[in-house]
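These are the residues of each chain, in order.
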Amino acid sequence: MKSKFWNFIFWLVIAAAFIGPGTVTTAASAGANYQYQLLWALLFSTLACIVLQEAAARVSIATGDGLGGVIKKRFESKKLVWFIAIAVFLGCAAYEAGNILGAISGLALIVTGIPKAVFTIIIVLVAAAVLLIGKISTVANLMGLVVAIMGFAFIYAAFNIEVDSSAFLSGLLIPEINEENALLTLGLVGTTIVPYNIFLGSGLAKGQTIKQMRSGMIPSIIIGGLISMAVLVVGTALEGQFSFSGLFNTMTDSYGAFMGFVFAIGLFAAGFTSSITAALAGAITIESASKEQSEEKSWKFQRVWIVVLLTGLVFGVIDIKPVPVIILAQAANGFILPLLAFILWLMVNNKGLMKNYTNGMLLNLLMGVTVFVTAILGFINVFKAAYAVTGESFSFSGNNRAIIISLAFLALAGGVVKIIGERKSI
């Protein structure tokens, strides 16, 4: 029982990684702007996160290699591996800025009179000390305990808010996406299914059995999804435009000073844990793509997480506002996620790689749905970027919607054809 408990705490690092200020910002914004309408996106993204994280971890267990090494071996392309690894690493750096800024915002809500630059330096130094002194397993266990505190804070806050149960169930079970909520929907999925988390989970799975991995990882992601939903519920209490201070004031005015304190602590914990896990995931991702594997304590491994932390330090010191930075990072995540989901789908069906650990019918169905939806969200993001270049506003309607859904179907059909070939590989 003790071993199972610590295995569960160990895997909570996955929840710690995806429940950062980005989750708080995006989920609370969804609640503030659309009430319970986008709960379905969090339910889907939680299930899809389980499917992709489990697949990536199973790849590492089956092959004994990191995800980057397996991609390199399967597709015989260093360029593909490094394209993904660098994109994921840059995502880590972008998220790190938001993580530290979010943690600072949480502290600033309850501690006044201290410059944000001082908060930034303290957070970066503490994060660096944790990564420098502790092993990956120690860091994971520590982050798991902090996640428990963060989860309690947000769930406690959600239970103290009056909820419309009918609207809650409708938003949870009936998908609705349109031109108005498309970006936030993309953000909700992007903040839960994080590419660097896929590499992190793959690295953490080394040395475990399939049973150990699943018994720790799946409950962790479910808890993370519940916390995200709690944040969305908390966001419904806010009227008007979302901001950390606005939600803090709403919680304080409506439910007392203690509820405001609970929100601030949850926000700080979300930022602090993610500032450590993003840096760690960046190092694991680059290490996975490297020709030669390096030890946790080596300079080659450490310099990667140092760069990620320094990026967050710079953004924190120059005091860029957290909300737009975080939402931009979530949206940018949509570029790489569909590609990684597609690649994983192919690899877990390759008998030559996976041997007895290939996907069954149910897992293939779930991964197919995941690839299709992430492809839609990815194409939405590409179209939005293209429209932004021309100075026009993107609308997910009419021809745009038809083209995007058609492209997603083509990606799905291509995946099915490729999988038939993968399952014949020996």
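Data block above holds the structure.
An account of the accompanying structure is given in this report. Since this is a predicted model, take the numbers as computed values, not measurements.

### Observations concerning the overall build of the chain
Inference 1: Each helix and strand in the chain was counted, giving 19 helices and zero strands.
Inference 2: A globule of 426 residues ought to have a C-alpha radius of gyration of about 22 Å, and the chain, at 20 Å, matches this closely.
Inference 3: By its C-alpha atoms, the chain is 65 × 55 × 50 Å across when sized along the principal axes.
Inference 4: Residues classed as buried in the chain amount to 57% of the 426 residues present.
Inference 5: Expressed as a percentage of contacts within the chain between residues at least 6 apart in sequence, the contacts between residues at least 24 apart total 85%.
Inference 6: A total accessible area of about 17,500 Å² is found for the chain, and carbon and sulfur atoms account for 68% of it.
Inference 7: Distance between charge centres in the chain, computed from 25 positive and 18 negative side chains, equals 16 Å.

### Brief notes about the environment of D164
Inference 1: Looking at the element boundaries, D164 is found in the loop between helix 7 (136-159) and helix 8 (165-173).
Inference 2: The partly exposed category is assigned to D164, whose relative accessible area is 42%.
Inference 3: Along the primary structure D164 and T390 are separated by 226 residues, whereas in three dimensions their C-alpha atoms are 42 Å apart.
Inference 4: Among the polar contacts made by the side chain of D164, one reaches the main-chain amide nitrogen of S166 at a distance of 3.2 Å.

### A look at the packing of helix 3 (residues 39-63) against helix 8
Inference 1: Closest axis-to-axis distance for the helix 3/helix 8 pair is 6 Å, and the angle between their directions is 45°. Taken together, the axes of helix 3 and helix 8 lie oblique to each other. Every pair of crossing elements has a handedness; the one defined by helix 3 and helix 8 is right-handed. Taking contact as the criterion, the partners of L39, W40 and L43 in helix 3 are, on helix 8, F168, G171, L172 and L173.

### Let's talk about the side chain of N7
Inference 1: Position of N7 relative to the elements: it lies in helix 1 (residues 2-18).
Inference 2: Only 2.8 Å separates the side chain of N7 from the backbone oxygen of Q212, close enough to count as a polar contact.
Inference 3: Once residues lying within four places of it in the same chain are set aside, the contact partners of N7 are Q208, Q212, S215 and G216.

### What about helix 16 (residues 337-347)?
Inference 1: When you tally the buried positions in helix 16, you get nine out of 11 residues, the bulk of the element.
Inference 2: For helix 16, every residue scored as buried is listed here: L337, P338, L340, A341, I343, L344, W345, L346 and M347.

### Let's talk about the side chain of T236
Inference 1: Assignment of secondary structure puts T236 in the loop between helix 11 (210-235) and helix 12 (244-255).
Inference 2: Judged by relative accessible area, T236 falls into the buried class, the value being 13%.
Inference 3: Setting aside its immediate chain neighbours within four residues, T236 contacts G31, A32, Q35, Y36 and I161.

### Focus on the packing of aromatic side chains
Inference 1: Applying the stated rule across the entire model yields seven aromatic pairs.
Inference 2: On the basis of an interplanar angle of 65° and a centroid distance of 6.0 Å, the ring pair of Y36 and F168 is categorised as edge-to-face. In this pair, Y36 sits in the loop between helix 2 (21-34) and helix 3 while F168 sits in helix 8, placing the two residues 132 residues apart along the sequence.
Inference 3: According to the relative accessible area criterion, F168 is partly exposed, its value standing at 22%.

Analysis parameters
Residues numbered from 1 in each chain as written. Predicted model: local features only at pLDDT ≥ 70, side-chain atom pairs only at ≥ 80, totals over all residues. Heavy atoms only, no water. Helix = DSSP H or I, 4+ residues; strand = E, 2+ residues; numbered from the N terminus. Rg over C-alpha atoms; globule rule 2.2 N^0.38 Å. Buried < 20%, exposed > 50% of the residue type's maximum accessible area, 1.4 Å probe, protein only. Contact = heavy atoms within 4.5 Å. Areas by Shrake-Rupley, 256 points an atom, 1.4 Å probe, with all protein chains shown as cover. Lys, Arg positive; Asp, Glu negative; His and termini not counted. Charge placed at Lys NZ, Arg CZ, Asp CG, Glu CD. Polar contact = N/O pair within 3.5 Å; in protein donor to acceptor, adjacent residues only side chain to side chain. Axes fitted to C-alpha atoms, helices over the stretch in contact; angles between N-to-C directions. Parallel < 35°, antiparallel > 145°, perpendicular 65-115°, else oblique. Left-handed = near helix turned anticlockwise from the far one by under 90°. Phe/Tyr/Trp six-rings, centres within 6.5 Å; stacked < 30°, edge-to-face > 60°.

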